[in-house]
Amino acid sequence: MKNFLKFATNFGPLAIFLFVYYNSSKDLIIAIPPFIIATLVSLVVVWLIEKKLAIIPLLGGFFITLFGGLAIYFDNPIFIYLRPTILNTTIGLVLLFGKYFTKEPIIKIILGKAIPLSKKGWKIFNQRWVLFVFGLALLNEIVWRTQSEEFWVNLKVWGVPLISLCFAAFQIKLIKKYKIEK
């Protein structure tokens, strides 16, 4: 049951968004309110189940609500187009400059219990994630400025998760090389 709830809270808001988007003549402004509500409900459900929230879904929910709300208020989808750019840039800057405020890379603070790596491994892992999220921000800017809204939506829904999965898979070799045995 817990696994199903995790799956539902991760993908439920996206499924609702897609359903509304494709059943409202592909109107992003109509699809945003149910997406915001579903995202907030998902965060509450995760909190009730696990008594904690991971930083990335929390940031995602904050940015979806903020930029989705701005898009609705101003009746202008540009705010929702900018959300991935600003979110990924923010994550990249936190990962890049976090080391100046903590004794170890921020990514180690987030993932350290799940992935035990050497100091050099964390440094490389962090650098790769910085480049990756900045790359996603750049890709988002290029696509929303040059392609149709439907293309942008499909990239966000299908392309970015696939790109992210491929990127994560390419980190396995690094993790194996720098893994510290407990």
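Our subject in this report is the structure included herewith. In this convention, every chain numbers its residues from 1, walking through the sequence in written order. Where local features are concerned, this predicted model is filtered to residues with pLDDT of at least 70; where side-chain atom pairs are given and counted, the filter is 80 or more; whole-chain, interface and lining totals use all residues. With hydrogens and water excluded, all non-hydrogen atoms of the structure serve as input to the side-chain values.

Overview of the overall build of the protein
Our working definition: A helix here means a DSSP run of H or I that spans at least four residues, while a strand means a run of E at least two residues long, and both kinds are numbered starting from the N terminus. Only C-alpha atoms enter the radius of gyration, while the globule expectation follows 2.2 Å times N to the 0.38, with N the number of residues. Burial classes: relative accessible area under 20% of the type maximum marks a residue as buried, over 50% as exposed, and values in between as partly exposed (1.4 Å probe, protein chains only). Here, residues are in contact when the closest pair of their heavy atoms is within 4.5 Å. Residue exposure ignores everything except the shown protein chains as possible cover, and the areas themselves are Shrake-Rupley values with a 1.4 Å probe. The charge count includes Lys and Arg as positive and Asp and Glu as negative, but it does not include His or the ends of the chains. For the purpose of locating charges, the reference atoms are NZ of Lys, CZ of Arg, CG of Asp and CD of Glu.
If you tally the helices and strands in the protein, you get eight helices and zero strands. Taken from N to C terminus, the helices and strands of the protein fall in the order α-α-α-α-α-α-α-α. Against the 2.2 N^0.38 benchmark of 16 Å for 182 residues, the protein shows a C-alpha radius of gyration of 18 Å, consistent with a compact globule. Dimensions along the principal axes, computed over C-alpha positions, put the protein at roughly 55 × 40 × 30 Å. Classification of the 182 residues of the protein by burial places 36% in the buried group. In the protein, once contacts between residues fewer than 6 apart in sequence are set aside, the share between residues at least 24 apart is 66%. Accessible surface computed for the protein: about 11,400 Å², of which carbon and sulfur atoms make up 71%. One way to put it: in the protein the 21 positive side-chain charges average out to a point 18 Å from where the 8 negative ones average out.

Quick look at the packing of aromatic side chains
Under the convention used in this document: Classification of ring pairs uses Phe, Tyr and Trp, with its six-membered ring standing for Trp, and accepts pairs whose centres are within 6.5 Å; under 30 degrees between planes counts as stacked, over 60 as edge-to-face, and the remaining range as tilted.
Across all of its chains, the model carries 16 aromatic pairs by this definition. Ring geometry for Phe 62 against Phe 63: centres 5.5 Å apart, planes inclined by 80°, an arrangement best described as edge-to-face. Taken together, the ring pairs in this structure connect Trp 122, Phe 125, Trp 129, Phe 132 and Phe 167 into an aromatic cluster.

Notes on the pattern of salt bridges
Where charged atoms of side chains with opposite charge meet at close range, the side chains can pair. As a reminder, the rule being used: Between Lys or Arg on one side and Asp or Glu on the other, a salt bridge is scored when a side-chain nitrogen of the former is within 4 Å of a carboxyl oxygen of the latter.
Counted by the stated rule, this structure contains four salt bridges. In this structure, Lys 26 engages Glu 150 in a salt bridge whose closest nitrogen and oxygen atoms are separated by 3.1 Å. With Lys 26 in the loop between helix 1 (2-22) and helix 2 (28-50) and Glu 150 in helix 7 (residues 149-170), this residue pair connects regions lying 124 residues apart in the sequence. Among the residues examined, Glu 150 registers a relative accessible area of 29% and is labelled partly exposed.

Description of the nonpolar core
Spelled out, the test is: By convention a nonpolar core is built from buried Ala, Val, Leu, Ile, Met, Phe, Trp, Tyr and Cys residues, the set being connected through side-chain atoms within 4.5 Å.
With 40 residues, the main nonpolar core has Phe 17, Leu 28, Trp 152 and Val 153 as its most contacted residues. Looking at which element gives the most residues to this core, the answer is helix 6 (residues 119-146), with nine residues. Setting aside chain neighbours within four positions, we find Val 153 in contact with Phe 17, Leu 18, Tyr 21 and Leu 28.

Here's the deal with the side chain of Thr 9
Worth spelling out the cut-off: Under the rule applied, a polar contact is a pair of N or O atoms within 3.5 Å (in protein, one hydrogen donor and one hydrogen acceptor; residues adjacent in sequence only if both atoms are side-chain atoms).
Among the secondary structure elements, Thr 9 is positioned in helix 1. Of note is the side chain of Thr 9, whose polar atom sits 3.0 Å from the backbone oxygen of Lys 6. When sequence neighbours within four positions are dropped, the list of residues in contact with Thr 9 reads Ser 42, Val 45 and Val 46.

Quick word on the environment of Ser 118
Relative to the elements of secondary structure, Ser 118 occurs in the loop between helix 5 (106-111) and helix 6. Residues Ser 118 and Ile 172, spaced 54 residues apart in sequence, show a C-alpha to C-alpha distance of 14 Å. Discounting chain neighbours no more than four positions away, the residues touching Ser 118 are Tyr 178 and Ile 180.

Examining the side chain of Ser 42
Inspection of the secondary structure assignment puts Ser 42 in helix 2. Beyond its immediate chain neighbours, meaning those up to four positions away, Ser 42 contacts Thr 9 and Pro 13.

Overview of a nonpolar patch on the surface
In plain terms, the rule: Patch membership requires over 30% relative accessible area and the absence of a salt bridge. Like charges are linked within 9 Å, and nonpolar side chains (Val, Leu, Ile, Met, Phe, Trp, Tyr) within 5 Å.
A contiguous nonpolar surface patch, about 420 Å² in accessible area, is contributed by Ile 55, Ile 56, Leu 58, Ile 109 and Ile 110. If you list the elements that add at least two residues to the nonpolar patch, you get helix 3 (55-74) and helix 5. Given a relative accessible area of 47%, Ile 109 falls into the partly exposed group.

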